[in-house]
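Chain residues, written in single-letter form:
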Amino acid sequence: MRSWSCVSMPFTCRWGAGAAGDGKLFWTGGDDGNGSPDASLWIFYPKERRWRRGPDLPVPVSWHSCALLGEELFCVGGRTKNGPTGEVQVYHIPTGRWRRFTPLPRPVWQHSTAVVGEELLCLGGVGGGKTLDTVWRLDQNRAEWQACPPLSIPRRGHTCQTLGDKVYCMGGSSVEGPGAVEAVEERDPVTGMWRIIGTLPSPGWCGGSTLWENEFLYAGFGQKRLRKLSPLNGCCQSGPLLPRENSGIRLFTLDNYLIATDGICLWQRCETENIL
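Residues numbered from 1 in each chain as written. Predicted model: local features only at pLDDT ≥ 70, side-chain atom pairs only at ≥ 80, totals over all residues. Heavy atoms only, no water.

## What about the sheet that holds strand β3 (residues 24-28)?
Pairing is antiparallel in the open sheet, where four strands are placed in the order β2-β3-β4-β5. Taken across any chain shown, the strands that pair with only one partner, and hence form the sheet edges, are β2 (17-21) and β5 (50-53). Along the sheet, successive strands turn relative to each other by an average axial angle of 20°, direction set aside. (Pairing = 2+ DSSP bridges. Helix = DSSP H or I, 4+ residues; strand = E, 2+ residues; numbered from the N terminus. Axes fitted to C-alpha atoms, helices over the stretch in contact; angles between N-to-C directions.)

Listed below in structure tokens is the structure:
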């Protein structure tokens, strides 16, 4: 089994958000260590094990979510110094410029985002002090957010992944505190309706997930070992150990690299074969 290697980070920002694509990992915002949201954008190149500082976000934010759609990085919702926000900030990668986009219909944090085809979805989270089951879809042509069929279970601190034309939602909590939701949901690509396809035993709150070889790798808060979940039959198997216990680790797949970071440390492992 291949081992993780640690890559030094030129910053410390927990509870940030990132997205991976085109040979790069984009990491945005987070907690600056003093309880205030951060505005930084950092770009990581795994082959070179190198970080580069990008231009700051227009609005410092933490507990948000990120997704890559075409040539743009969307930073959605989160918390600012004034509390929860519906702010949507978009980074145009070719020009290196940020712009502020149509905000969400309501402030939300501890949510997740997913891209399926040309659609950007915002799922669940916390809004108005309540755990949400809401799903919003971005209509880029009309620059507006449209309501979609809700999740089967309200979730906060969850994670989601896209496989083909379907979106999967897993982990998180449906109540105040760290209680976990074991049900894994799948979105129908035609109707937008959600159905439960299996369970992820003791998933933990505020977990991290990524897609690897058409299966999901997942680890919840406080867990040390990854688990592999098959979307075809809902079966869950034990996976490799994380470099340390998950305390807010986010997972990414980039080419042949599996990357884990909590905004304080980053680890990567280069995989050329099945990791299990």
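The rest of the description comes next.
## Quick look at the pattern of salt bridges
A complete count under the given rule lists 13 salt bridges for this structure. Here Arg-155 makes a salt bridge to Glu-185, at a shortest N to O gap of 3.0 Å. Within this pair, whereas Arg-155 is found in the loop between β17 (144-148) and β18 (159-163), its partner Glu-185 is found in strand β20 (residues 183-187), the two being separated by 30 residues in sequence. Residue Arg-155 shares its accessibility class with Glu-185, and that shared class is buried. Glu-215 is the salt-bridge partner of Lys-228, the closest N and O atoms lying 3.1 Å from each other. Of this pair, Lys-228 sits in strand β24 (residues 225-229) while Glu-215 sits in strand β23 (residues 215-219), and the two are 13 residues apart along the sequence. Linked by salt bridges that have partners in common, Glu-119, Arg-137 and Arg-187 make up one network. (Salt bridge = Lys/Arg side-chain N within 4 Å of Asp/Glu carboxyl O. Buried < 20%, exposed > 50% of the residue type's maximum accessible area, 1.4 Å probe, protein only.)

## With respect to the nonpolar core
It is characteristic of soluble globular proteins that their nonpolar side chains tend to be buried jointly. Counting residues in each nonpolar core, the largest one holds 15 residues, and the members touching the most others are Phe-74, Val-76, Val-88, Leu-104, Leu-120, Cys-122 and Trp-145. Every element with two or more residues in this core is listed here: β6 (65-69), β7 (72-76), β10 (88-92), β13 (119-123) and β16 (135-139). If you look at the next biggest cluster of nonpolar residues, it comprises 14 residues, including Cys-13, Trp-27, Phe-44 and Phe-252. (Core = buried A, V, L, I, M, F, W, Y, C linked by side-chain atoms within 4.5 Å.)

## Some details on the packing of aromatic side chains
Taken as a whole and assessed by the stated rule, the structure comprises nine aromatic pairs. Taking the centre distance of 6.0 Å and the plane angle of 85° together, the rings of Phe-74 and Phe-101 count as edge-to-face. Of this pair, Phe-74 sits in strand β7 while Phe-101 sits in strand β11 (residues 97-101), and the two are 27 residues apart along the sequence. Here Tyr-168 and Phe-216 contribute two aromatic rings whose centre-to-centre distance is 5.1 Å and whose plane-to-plane angle is 55°, an arrangement assigned as tilted. Here the residue Tyr-168 occupies a position in strand β19 (residues 166-170), and Phe-216 occupies one in strand β23, the gap between them amounting to 48 residues. An aromatic cluster of at least three residues, connected via ring pairs, comprises Phe-11, Trp-42, Phe-44 and Trp-51. Positioned above the aromatic ring of Tyr-45 is the side chain of Arg-50, whose terminal nitrogen or guanidinium carbon lies 4.3 Å from the ring centre. The ring centre of Trp-109 lies 4.6 Å from the NZ or CZ of Arg-79, which sits over that ring. (Phe/Tyr/Trp six-rings, centres within 6.5 Å; stacked < 30°, edge-to-face > 60°. Lys NZ or Arg CZ within 6 Å of the ring centre and 35° of its normal.)

## A closer look at the side chain of Arg-250
Its location among the elements puts Arg-250 in strand β26 (residues 250-254). One buried charged residue, Arg-250, remains without a salt bridge, the closest side chain of opposite sign being Asp-262 at 9.6 Å. A polar contact is formed between the side chain of Arg-250 and the backbone oxygen of Gly-248, at a distance of 3.5 Å. (Lys, Arg positive; Asp, Glu negative; His and termini not counted. Polar contact = N/O pair within 3.5 Å; in protein donor to acceptor, adjacent residues only side chain to side chain.)

## Notes on the environment of His-64
When you line up the elements, His-64 lands in the loop between β5 and β6. Judged by relative accessible area, which is 6%, His-64 ranks as buried. Here His-64 is in contact with Trp-15, Gly-16, Ala-17, Thr-28, Gly-29, Gly-30, Cys-75, Val-76, Gly-77, Gly-78 and His-111, once residues within four sequence places are set aside. Polar side-chain contacts of His-64 include one of 2.8 Å to the side chain of Thr-28. (Contact = heavy atoms within 4.5 Å.)

## What about the sheet that holds strand β1 (residues 5-7)?
Here we have four strands laid out as an open sheet, ordered β1-β28-β27-β26, and antiparallel in their pairing. Every interior strand has two partners, whereas the edge strands, β1 and β26, have only one. Sheet twist, expressed as the mean angle between neighbouring strand axes with direction ignored, is 25°. In the sheet, β26 pairs with strand β27 (residues 257-261) via five bridges, with the strands oriented antiparallel. Note that in β27 the partner of Leu-251 across the bridge is Ala-260.

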